[in-house]
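For reference, the chains in residue letters:
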Amino acid sequence: MSTVPVALAGRGYDVRVGSGLLADIAAQCGPLLRKPAVPIVTDAHVAPLWQDAIDASLAAAGKRARWLVLPAGEATKDWAHLEEVCDFLLAEGVDRGDHILALGGGVIGDLTGFAASVLKRGCGFVQLPTSLLAQVDSSVGGKTAINTKAGKNLIGAFHQPALVLADIGALATLPPRELRAGYAEVVKYGLIDDPAFFAWCEANGAALLAGDEDLRAEAVRRSVEAKARVVAADERETTGTRALLNLGHTFGHALEAECGYGGTLLHGEAVAMGMVLAARYSVRRGEMAGQDAERIAAHFRAMDMRAELPQLNLSCDGRTLANHMLHDKKMDAGTLPFLLMRGIGQAWLAKDVALDDVAHFLDKQLAR
């Protein structure tokens, strides 16, 4: 097991990366579990895989799990299920000093973390990410949220977990498509500021996706280290440093909004395509070499991921996609900063992007 500290004044916590962590949950969480009853929020896909092992670990420590099992999928990250989680926690008598366990992927982590942030004006929670995307991205950094009709993650709060347990063994339970979607967020860290890590992904991505546990552990550890550095420097996105973690997300969220937050396009798939679009738009602006942008697209294609807009069979135009971006959380005084690239490992925040130009660019991408 390796431990990555997230250094925040008064709110620091550890991210532990290793195998067997979930089956050892009682010992791993230790004094965070103050009461005999331990509230756990999960989904219908994850519960059958880990319920018995977690129940056994807690029972051996004289505790019992209290489970709330929600429907799996992005649609669960909404107002109705937020209310359900809060009602469950109130019925369980959760106090401010208690810790709620969030067992699952990004949907469960975001939803449970947001519930913890508002319940009695703030309770503790522990992230138990079971997807690759959640282990390398959404479980670390304290961003919690739900989706609305207007867009993704527009209602939320910064609320840091007390602990993150990234059990590498959980990745063996993922369908290949979901594993690839999470892999996109691994690649992102290389594209932001670490070209050597992107090259590492090119060399090792296929074996990682095929099941090499050592490579998976290294990818999670290095990704968490990268995110922890950014979060420690800019926890609430006030300096612009943390905004770099949104590389690919402005384009990606627009694609998700158009596709309807269902199974048509997973979040990581949208981010992968969004990073390709960000790279190609950077080429359009004369800021990035075309061969670098196509190197990114080629890597995602090699990982059996879609890299071209026509593959989504959208029935909209570029203007429609650009209009989705008007609801982006980064919108400030009528302008939308864009994460672009000057090269692989050279992401930067542009504040002079015109959405009309983005719409024309997307029209050309849709016609490729």
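Just so you know, these numbers come straight off a predicted model, no measurement behind them.

Notes on the overall build of the protein
Point 1. Per the secondary structure count, the protein includes 13 helices and 11 strands.
Point 2. Its C-alpha atoms give the protein a radius of gyration of 20 Å, within 12% of the compact-globule value 21 Å for 368 residues.
Point 3. With the principal axes as the frame, the protein shows a C-alpha extent of 60 × 40 × 40 Å.
Point 4. Buried residues in the protein amount to 57% of all 368 residues.
Point 5. Only carbon and sulfur atoms are counted for the fraction: they give 51% of the accessible area of the protein, which is about 14,100 Å².
Point 6. Within the protein, the 44 negative side-chain charges are centred at a point lying 4 Å from the centre of the 37 positive side-chain charges.

Observations regarding the UniProt feature "binding site: NAD(+)" (unreviewed entry) in the protein
Point 1. According to UniProt, the "binding site: NAD(+)" (unreviewed entry) feature falls on Gly106, Val107, Ile108, Gly109, Asp110, Thr130, Ser131, Lys143 and Lys152.
Point 2. For valine 107, the position within the fold is in helix α4 (residues 106-118).
Point 3. Valine 107 sits in the buried class, given a relative accessible area of 16%.
Point 4. Aside from chain neighbours lying at most four places away, what touches valine 107 is Gly73, Glu74, Thr76 and Lys77.
Point 5. Counting through the fold element by element, isoleucine 108 comes out in helix α4.
Point 6. Not counting the four nearest positions on each side in its chain, isoleucine 108 is found in contact with Val41, Thr42, Asp43, Leu70, Ala102, Leu103 and Gly113.

Some words on the packing of aromatic side chains
Point 1. Summed over all chains, the structure comprises six aromatic pairs.
Point 2. Plain terms: the ring middles of phenylalanine 197 and tryptophan 200 are 5.4 Å apart, the flat faces sit at 25° to each other, and that makes the pair stacked. Placement of the pair is phenylalanine 197 and tryptophan 200 together in helix α7 (residues 195-210), with a separation of three residues, close to one helical turn.
Point 3. Take phenylalanine 197: its relative accessible area is 2%, and that puts it in the buried class.
Point 4. Each ring, one from phenylalanine 251 and one from tyrosine 281, has its centre 6.4 Å from the other, and the planes form 65°; the classification is edge-to-face.

With respect to empty space enclosed by the protein
Point 1. All told, the structure shown has two cavities of 30 Å³ or more when counted by the stated rule.
Point 2. Space inside the largest cavity adds up to approximately 120 Å³.
Point 3. Ranked by the residues each element gives to the lining of the largest cavity, the list is headed by strand β3 (residues 37-43), at three residues.
Point 4. Grouping the amino acids of the lining of the largest cavity by side-chain chemistry returns six nonpolar, two polar and four charged.
Point 5. Taken as a whole, the second largest cavity holds about 40 Å³ of empty space.
Point 6. Taken together, Tyr189, Ile192, Asp193, Ala226, Arg229, Val230 and Leu245 make up the full set of residues lining the second largest cavity.
Point 7. Breaking the lining of the second largest cavity down by element, the ones donating at least two residues are α6 (176-193) and α8 (213-233).
Point 8. Across the lining of the second largest cavity, the residue classes break down as five nonpolar, no polar and two charged.

As for the domain arrangement of the protein
Point 1. Examined at the domain level, the protein breaks down into domain 1 (2-173) and domain 2 (176-367).
Point 2. Taking only C-alpha atoms into account, the centre of domain 1 sits 26 Å from that of domain 2.
Point 3. In this complex, domain 1 contributes 35 residues to the contact, which on the side of domain 2 involves 35 residues.
Point 4. For the domain 1 and domain 2 pair, buried surface summed over both sides reaches about 2,900 Å², with 66% attributable to carbon and sulfur atoms.
Point 5. On the surface where domain 1 and domain 2 come into contact, there are five salt bridges.

A word on the pattern of salt bridges
Point 1. Applying the stated criterion across every chain, the model contains 27 salt bridges.
Point 2. We note a salt bridge from arginine 66 to glutamate 92, for which the minimum N-O separation is 3.1 Å. Pair noted here: arginine 66 is in strand β4 (residues 64-70) and glutamate 92 is in the loop between α3 (79-91) and β5 (99-104), with a separation of 26 residues, a long-range link.
Point 3. Exposure remark for glutamate 92: the relative accessible area of 26% places this residue in the partly exposed category.
Point 4. Across the salt bridge formed by glutamate 225 and arginine 221, the nearest N and O atoms sit 3.2 Å from each other. Within this pair, glutamate 225 and its partner arginine 221 are both found in helix α8, separated by four residues, close to a single helical turn.
Point 5. Judged by its relative accessible area of 28%, glutamate 225 is partly exposed.

Conventions we followed
Residues numbered from 1 in each chain as written. Predicted model: local features only at pLDDT ≥ 70, side-chain atom pairs only at ≥ 80, totals over all residues. Heavy atoms only, no water. Helix = DSSP H or I, 4+ residues; strand = E, 2+ residues; numbered from the N terminus. Rg over C-alpha atoms; globule rule 2.2 N^0.38 Å. Buried < 20%, exposed > 50% of the residue type's maximum accessible area, 1.4 Å probe, protein only. Areas by Shrake-Rupley, 256 points an atom, 1.4 Å probe, with all protein chains shown as cover. Lys, Arg positive; Asp, Glu negative; His and termini not counted. Charge placed at Lys NZ, Arg CZ, Asp CG, Glu CD. UniProt positions renumbered as here; feature names shortened; annotations may be inferred. Contact = heavy atoms within 4.5 Å. Phe/Tyr/Trp six-rings, centres within 6.5 Å; stacked < 30°, edge-to-face > 60°. 1 Å grid on protein atoms, 1.4 Å probe; cavity = no way out; pocket = protein on both sides within 12 Å on 5 of 7 lines; lining within 4 Å. Points joined across faces, edges and corners; volume = space filled by probe spheres on them. Nonpolar A, V, L, I, M, F, W, Y, C, P; charged D, E, K, R; others polar. Domains from an automatic or database assignment. Buried area = accessible area lost by both parts, 1.4 Å probe. Salt bridge = Lys/Arg side-chain N within 4 Å of Asp/Glu carboxyl O.

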